[in-house]
Structures are given as C-alpha cells and as structure tokens.
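Examination of the molecular architecture
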Protein chains: 2
Amino acid sequence: MKNPIADLNKIFDSRIRLGVMSMLIVNHEISFNDLKQMLELTDGNLASHLNTLEQAEFIEVHKGFIGRKTSTTYSITILGKQAFKAHLDALEKMINKL
Amino acid sequence: MKNPIADLNKIFDSRIRLGVMSMLIVNHEISFNDLKQMLELTDGNLASHLNTLEQAEFIEVHKGFIGRKTSTTYSITILGKQAFKAHLDALEKMINKL
DNA sequence: TGAAAGTGCTTTGTTTTTCAAAGTTAAGTA
DNA sequence: TACTTAACTTTGAAAAACAAAGCACTTTCA
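Residues numbered from 1 in each chain as written. Chains lettered and ligands numbered in written order. Predicted model: local features only at pLDDT ≥ 70, side-chain atom pairs only at ≥ 80, totals over all residues. Heavy atoms only, no water.

Here we come to the protein's contact with DNA strand C. Surrounding DNA strand C, one finds 19 residues, the nearest of these being A:Asn33, A:Lys63, A:Ser71, A:Thr72 and A:Tyr74. Among the atoms of DNA strand C close to the protein, meaning within 4 Å, 78% are from sugar or phosphate groups. Here a base nitrogen of DNA strand C and a side-chain polar atom of A:Asp43 are 3.0 Å apart. In the model, a phosphate oxygen of DNA strand C is placed 3.1 Å from a nitrogen or oxygen of the B:Thr42 side chain. Sorting the residues of the surface near DNA strand C by element identifies helix 2 (32–39), helix 3 (43–55) and strand 3 (69–76) of chain A together with helix 1 (15–26) and helix 3 (43–55) of chain B as the ones contributing at least two each. Considering every element that reaches the surface near DNA strand C, the biggest residue donor is strand 3 of chain A, with four residues. Along the lines of polarity and charge, the residues of the surface near DNA strand C split into four nonpolar, 10 polar and five charged. (Near = heavy atom within 4 Å. Polar contact = N/O pair within 3.5 Å; in protein donor to acceptor, adjacent residues only side chain to side chain. Helix = DSSP H or I, 4+ residues; strand = E, 2+ residues; numbered from the N terminus. Nonpolar A, V, L, I, M, F, W, Y, C, P; charged D, E, K, R; others polar.)

The next thing to look at is the relation of the copies chain B and chain A. With an RMSD of 0.1 Å, the fit of chain B onto chain A corresponds to turning through 180° and sliding 0.0 Å along the axis. Expressed as a symmetry operation, the mapping of one chain copy onto the other fits a two-fold axis. Using C-alpha coordinates, one finds that chain B approaches the rotation axis most closely at B:Asp13, a distance of 2.5 Å. Interface overlap between copies: 100% of the residues of chain B at the interface are likewise at the interface in chain A, consistent with a symmetric, same-surface contact. (Least-squares fit on C-alpha atoms with pLDDT ≥ 70 in both. Contact = heavy atoms within 4.5 Å.)

Put into structure tokens, the structure is as follows:
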C-alpha cells in the first residue's frame, strides 16, 4: 500500500489557508477585510498566512480602491487552483477507502 | 456568511494525524510498526502524534503479542470516529460551495 | 482643523508545534 | 553474551502560529 498522505500539500495543513483558498475558489476576488471577518482572524495572523500563500504563488494581490478608500483584494492563481484541487483529490483518495 | 473553518477540528490540521485516522477508519486495528512504515515516519514523530490522538481520546492502544513478540496496536474510538466524520463533513461543506 | 477611525500591513515577542536523533526498556534471536 | 527489534521517552532545535502593538496613509466627523 502507498503512503496515503504523500500527496497532501503541506501548505494546506493549515485550516486558515484552507479557508482562504476555498473562499477564493468560490469568489473570484476578496478583500483583506472580508477575509479577516469571515475567518475571524487578527490582521497580523491573516497577513502572514496570505503571505505564505503568496510566496507559494497560490494567490495574487491587487491594490485598488473602493471609491476613494484603499482596498487590497486577493485572487487565486492558476497554480493555486491546480495545487488546491490536487490537494482535495489526495484528500478524497485518502478518505474514499472508506 | 458563516466562518467556513469554524467546524474544522484543529487536531486534524496535521497531515500525519489525518493519515493515522484515515488508516484506522479503514483498518480496524493497525500496529505501530505498520503505521510507521506506511506514513514513513520516525518512531518519535509517530509516537508523539499518536499521543496527541490518544489524549483526545480519538484512538485506543492495545498492548499485545504477535506470537511471542510484543506488538502495540491502535484502533479508533467512537469519539474519534465521530470527530473525524464531523471534520470531513466540515471540509466537504467548506468545499462544496464550489 | 484636528481628533478619531479605518485599511492593510510590519514588527515584536511569546507560545505552540513539529521533528529528528539519541537514549531507554524489555523481549527475542544467534 | 552480544545483537536486533519494538515501542517508546527525552532532548533540543527549528519552524509556525498568533496576538498585540506600531505604523503610514486616508477619510470622516465635530
């Protein structure tokens, strides 16, 4: 039998990063603030997880405005989509031995 | 909208513990050694994760023998089964907004 | 105009988690 | 008696998670 966890992506071990990715798969673009509120995180905590995802090139940042207020939004990259789907597939495989 | 990660169990953030649980859901009883080999872990690392799961009362230990050799085996508890299933449900819900 | 509040960070420092490696105990084997 | 295997525990180091505070900038409100 094969190691069942070998294909799970270490980056997605984190509930928070998993949450960010799942939100970004559903909504094309989400603001920092919305992520913060939905996931109930402090600024620093969220920022560091977003940073990890950005380093991995799984998400992209867009600096913009809403009216005249600054607004930073995030979206998933193609690479991120692939990695996330691969992770979900691996999870599914691991579990569907049930 | 509700916090999508609120129902994910922190204990299952770990790939390793996730792997242990998924193996124990499939196979009623597994030895330390088999887990070690399947998940490709060092003794200490596996032992500590098993310990975490045991503390949470998600798994049970059975000290026994194979022939005259000692053999420690592990099995999932009812609580563990519930917690794992709840976690998988939460994951599914989170993801099935796709 | 000036204080307060919001956005999106970075910095700081603590706590927690993760691991590998080495040591340990107890039993089995050559 | 030495060596091996099983299943740990201990140690220690590195990485990760996190809250809180600070910061730069802007807008809003009294």
